Amino acid sequence: SNSTGATPSEEMNGTGNLMDFLDEPFPDVSTYEDFHTIDWLREKSRDTDRHRKITTKSKESYWELIKSLLDAWSGWVVMLLIGMLTGTLAGVIDLAVDWMTDLKEGVCLSAFYYSHEQCCWTSNETTFDDRDKCPQWQKWAELMTGHSEGAGAYVLNYFLYVLWALLFSFLAVSLVRVFAPYACGSGIPEIKTILSGFIIRGYLGKWTLLIKTVTLVLAVSSGLSLGKEGPLVHVACCCGNLFCSLFSKYSKNEGKRREVLSAAAAAGVSVAFGAPIGGVLFSLEEVSYYFPLKTLWRSFFAALVAAFTLRAINPFGNSRLVLFYVEYHTPWYMAELVPFILLGVFGGLWGTLFIRGNIAWCRRRKTTLLGKYPVLEVIVITGITAVLAFPNPYTRRSTSELISELFNDCGALESSQLCDYVNNPNMSRPVDDIPDRPAGPGVYSALWQLALALIFKIVITIFTFGMKIPSGLFIPSMAVGAIAGRIVGIAVEQMAYHHHDWIIFKNWCRPGADCVTPGLYAMVGAAACLGGVTRMTVSLVVIMFELTGGLEYIVPLMAAAVTSKWVADAFGKEGIYESHIQLNGYPYLDVRDEFTHRTLATDVMRPRRSEPPLAVLTQDSTTVEDVETLIKDTDYNGFPVVVSRESERLIGFVQRRELTVAIKTARQKQDGVVSSSVVYFTEDNPQVAEACDPQPLKLRRILNLSPFTVTDHTPMETVVDIFRKLGLRQCLVTRSGRLLGIITKKDVLRHMAQMMNQDPESIMFN
């Protein structure tokens, strides 16, 4: 748009050449700064405008119609891609973890890339009893010295186990430290914050995705007390972000992008547990902030595609999606609700203990020297874990194998120590329904080992979660609950066997019947502990029964989940994720927090009495130079526009970023705009007094004429609600049309922290 062709009259109005380039949108105007909050309302209206444009254009030609159809389809395409990539990554992670966990103990001679189980599948020499022993699989000591038994072999195996564990965790923490510091931790607290409208650049980037996938395998294989479930949600959200950048509909609109990320989180849980519906409910209940119906359907689709893809890869080799499938379908009895509820209480207490201990430790890590040496910390914890874990067969293997064994029932073919019951020789019963039997010596030694494993897991998990490596929380909490549940289950079973004439057992336990299933207690305990830590209810129960296939046990699981939530809530309202959000000071307005104090908008708004007045622009008397100094001297996100400094009547609000870009563009492209040019926001330009005056700059198009305002007597309760439900970024305070001050999301959060007697400065970001 060359300005030479413009007529003099147009020059005077400053419209001709100005309008030409104003049709071009400003570059980068939609994006926000790092660590800022997005304005949901603005994003929503921008998307509606885009949609309207496409709809009107689609009536013009066939090509535009096809484009509008493609645009409508792009959401589902993104979901398809997310599901496929997430499923593939999860399958690869599962296979790699299996192989590397077994690598700590030994190696497969026929093909070194086989895990222990795969190695022994192909073997002809295995009988069913010794299916874990086959000549192709050799432990390290056997391979190096030729002896498989004896003290020397044990020490060598022990040493190599610890060495491999240290190597894996050192690699993991180094990769995280050098390439992607954001890849550490669980990722769910940050994703909750991002979905509530916060921006953390690079948190969902390509590097984070790559490094998190690799280090997750290393961290889980190193035998540390952590799971892969939380990080898989982060990985899935990284995939979602990756595919958002392919479609301008999502890459240019932060609000739309968050709808996709909500669905990606559902896909992540879907592949972590093989629980597609549980994943959708998890996203709805735990992670998402804004979850319209459309997102629900899309999440459902993404979770479905992800589960399909994982099933096609078939990482567990049993044609099932789930890790812990249970075969038993024995009924449960009303009297058993008592131990189930007791397990719920245990879960709630463990949740409280874990959250308090873990937060205290993480706070120490933040404030003391400990935080300066992340690599050393990981190595020390790994060393302690490996040294203590190896002697106990239940902690030596991977946590998910342990849970799987604890959930299982003792059939006739079980070779595990937990199933060493005393068999009745003249028993001729169908194989699948074995009656209750007295416990043999194997069960008692197994109980001892389990009790030690329980204490070990409880203590070590507190120190592991939150280190600088990817670490999930679901599997360790489930392990704690499953161990406790299995111990309770065996106790109840033995009681029922030895005292079947007691009143409580009389109705449902005849001699020679299979009354108590210890595996079910492990399942209920796992649900209770997971509920105590995360405070989920609905999604937790759905995940648990999808995970185990135990449909008959929904009621016991619900009872345990509700009890554990009640008990844990009695000690503190926050779950582990909310506590970590608070610890890190992310600006997260929780939908569940009640605000009950009787403060008004005047008490919260800035400027306070002692502070300098609000930085404002006037509608037609500020010069370009004034605006530039204002931008340079302050770091506010935007400025209110008033009629004049005397009247202070509010006209609108203008974003800092758009103002900067607009002035920069005008200086480059528009003739006659100099430092002394007047900036005006009115419909018609101010009267130019003399011909020698510089040309004014019209910026009405970046002015938001409908900023959200409240009066100074609005109760804070209402203001908090407005911020929460509309996803606002700031809100102006007026009295009879005059501008008094401004309330930002950060001010609201600081005020809430103050009211709860916390340090308001702990909320760090804007």
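Here is what the cut-offs are and how they apply
- Residues numbered from 1 in each chain as written.
- Predicted model: local features only at pLDDT ≥ 70, side-chain atom pairs only at ≥ 80, totals over all residues.
- Heavy atoms only, no water.
- pLDDT = per-residue confidence, 0-100.
- Contact = heavy atoms within 4.5 Å.
- Pairing = 2+ DSSP bridges.
- Helix = DSSP H or I, 4+ residues; strand = E, 2+ residues; numbered from the N terminus.
- Axes fitted to C-alpha atoms, helices over the stretch in contact; angles between N-to-C directions.
- Phe/Tyr/Trp six-rings, centres within 6.5 Å; stacked < 30°, edge-to-face > 60°.
- Buried < 20%, exposed > 50% of the residue type's maximum accessible area, 1.4 Å probe, protein only.
- Left-handed = near helix turned anticlockwise from the far one by under 90°.
- Nonpolar A, V, L, I, M, F, W, Y, C, P; charged D, E, K, R; others polar.
- Core = buried A, V, L, I, M, F, W, Y, C linked by side-chain atoms within 4.5 Å.
- Salt bridge = Lys/Arg side-chain N within 4 Å of Asp/Glu carboxyl O.
- 1 Å grid on protein atoms, 1.4 Å probe; cavity = no way out; pocket = protein on both sides within 12 Å on 5 of 7 lines; lining within 4 Å.
- Points joined across faces, edges and corners; volume = space filled by probe spheres on them.

K.L.:
Honestly, the confidence of the model for the protein chain in this entry has me stumped. Any pointers?
P.N.:
Interpretation of this model should avoid reading the predicted coordinates in detail wherever pLDDT is low. Per-residue pLDDT for the protein chain averages 87, and the proportion of residues at 70 or more is 89%. Within the model, pLDDT remains below 50 along residues 1-28, and this stretch shows 28 contacts once partners closer than five positions in the same chain are excluded. Every residue in residues 428-432 is under pLDDT 50, and counting partners more than four places away or in other chains gives 2 contacts.

K.L.:
Please explain the sheet that holds strand β10 (residues 709-711) as it appears in this structure.
P.N.:
Note: strands within a sheet are paired through backbone hydrogen bonds, in either parallel or antiparallel orientation. With mixed pairing, 3 strands are arranged side by side in an open sheet as β10-β11-β12. Of all the strands in the sheet, the pair left with one neighbour each is β10 and β12 (738-744). Ignoring strand direction, the axes of neighbouring strands in this sheet form an average angle of 35°. Across 3 bridges, the pairing between β10 and strand β11 (residues 730-735) is parallel. Bridging from a neighbouring strand, V710 pairs with V733 of β11.

K.L.:
Looking at this model, I keep getting lost on the packing of aromatic side chains. Mind explaining?
P.N.:
Centre distance and the angle of the planes are the two values used to describe a pair of aromatic rings. By the definition in use, this model includes 24 aromatic pairs. Centre to centre, the rings of W99 and F112 are 6.5 Å apart; their planes meet at 65°, and the pair counts as edge-to-face. A residue pair is termed long-range when its members are at least 10 positions apart, and W99 in helix α4 (residues 62-103) and F112 in the loop between β1 (106-108) and α5 (116-121) qualify at 13 residues. In this structure W99 comes out as partly exposed when scored by relative accessible area, which is 25%. A centroid spacing of 4.8 Å and a plane angle of 25° characterise the contact between Y158 and F390, whose relative ring orientation is stacked. Placement of the pair is Y158 in helix α7 (residues 151-179) and F390 in the loop between α16 (374-389) and α17 (393-396), with a sequence separation of 232 residues.

K.L.:
Sorry, what's going on with the sheet that holds strand β6 (residues 650-655) here?
P.N.:
Across the sheet, which stays open at both edges, the 4 strands sit in the order β3-β5-β6-β9 with mixed pairing between neighbours. Single-partner strands in this sheet number two, and they are β3 (617-618) and β9 (703-704). Taken together, the 2 bridges between β6 and β9 define a ladder with antiparallel strand orientation. Looking across to β9, one finds that V654 is bridged to L703.

K.L.:
What am I meant to see in unusual backbone geometry here?
P.N.:
Peptide bonds are trans in most cases, and residues, glycine excluded, mostly fall at negative phi. The linkage connecting R606 with the following residue, P607, adopts the cis geometry, with an omega of -5°. Looking at where P607 falls in the secondary structure, it is placed in the loop between α26 (601-604) and β3. Even without being a glycine, S736 presents a positive backbone phi close to 45°. Looking at where S736 falls in the secondary structure, it is placed in the loop between β11 and β12.

K.L.:
What is the right way to look at the packing of helix α12 (residues 254-273) against helix α14 (residues 293-313) in this model?
P.N.:
Helix-helix packing is described using two parameters, namely the angle between the two axes and the distance between the axes. At a minimum axis separation of 8 Å, α12 and α14 run at an interaxial angle of 40°. Relative to α14, the crossing made by α12 is right-handed. On α14, the residues touching K256, E259, S262, A263, A266, A267, S270 and V271 of α12 are K294, T295, R298, S299, A302, A303, A306, A307 and L310. Within the contact of α12 with α14, the residues separate by chemical class into 9 nonpolar, 4 polar and 4 charged.

K.L.:
It is not clear to me how the nonpolar core should be interpreted in this structure. Could you clarify?
P.N.:
Generally speaking, a soluble globular protein has its nonpolar side chains buried in company with each other. Grouped together as the largest cluster of nonpolar side chains are 156 residues, with contacts concentrated most on F407, M478 and M544. In this view, M478 contacts F273, F324, I403, F407, A526, L530, M544 and L547; residues no more than four positions away in its chain are not counted. Of all hydrophobic cores here, the second largest spans 20 residues; its members include I631, F639, L659 and I663.

K.L.:
What's the story with the pattern of salt bridges in this structure? I'm lost.
P.N.:
It is possible for side chains bearing opposite charge to pair when their charged atoms get close. Inspection of the entire model under this criterion finds 26 salt bridges. Where R724 meets D721, a salt bridge forms, and the shortest distance between an N and an O atom there is 3.8 Å. Separated by 3 residues within a single helix, R724 and D721 lie in helix α29 (residues 716-726), roughly one turn from each other. The class for R724 is buried, based on a relative accessible area of 10%. The exposure class of D721 is partly exposed, given its relative accessible area of 30%. Salt bridges sharing common partners tie together D47, R50, D71, K256 and E259.

K.L.:
Honestly, empty space enclosed by the protein in this entry has me stumped. Any pointers?
P.N.:
The gaps of empty space that remain are located by a probe, the size of a water molecule, rolled over the atoms. This model, assessed by the stated rule, comprises 2 cavities of 30 Å³ or more. Counted as a void, the largest cavity has a volume near 60 Å³.

K.L.:
Just to check I follow, could you spell out the environment of C515 for this structure?
P.N.:
Inspection of the secondary structure puts C515 in the loop between α21 (503-506) and α22 (518-534). Considered as a pair, C515 and T330 are 185 residues apart in the sequence and their alpha carbons are 8.0 Å apart.

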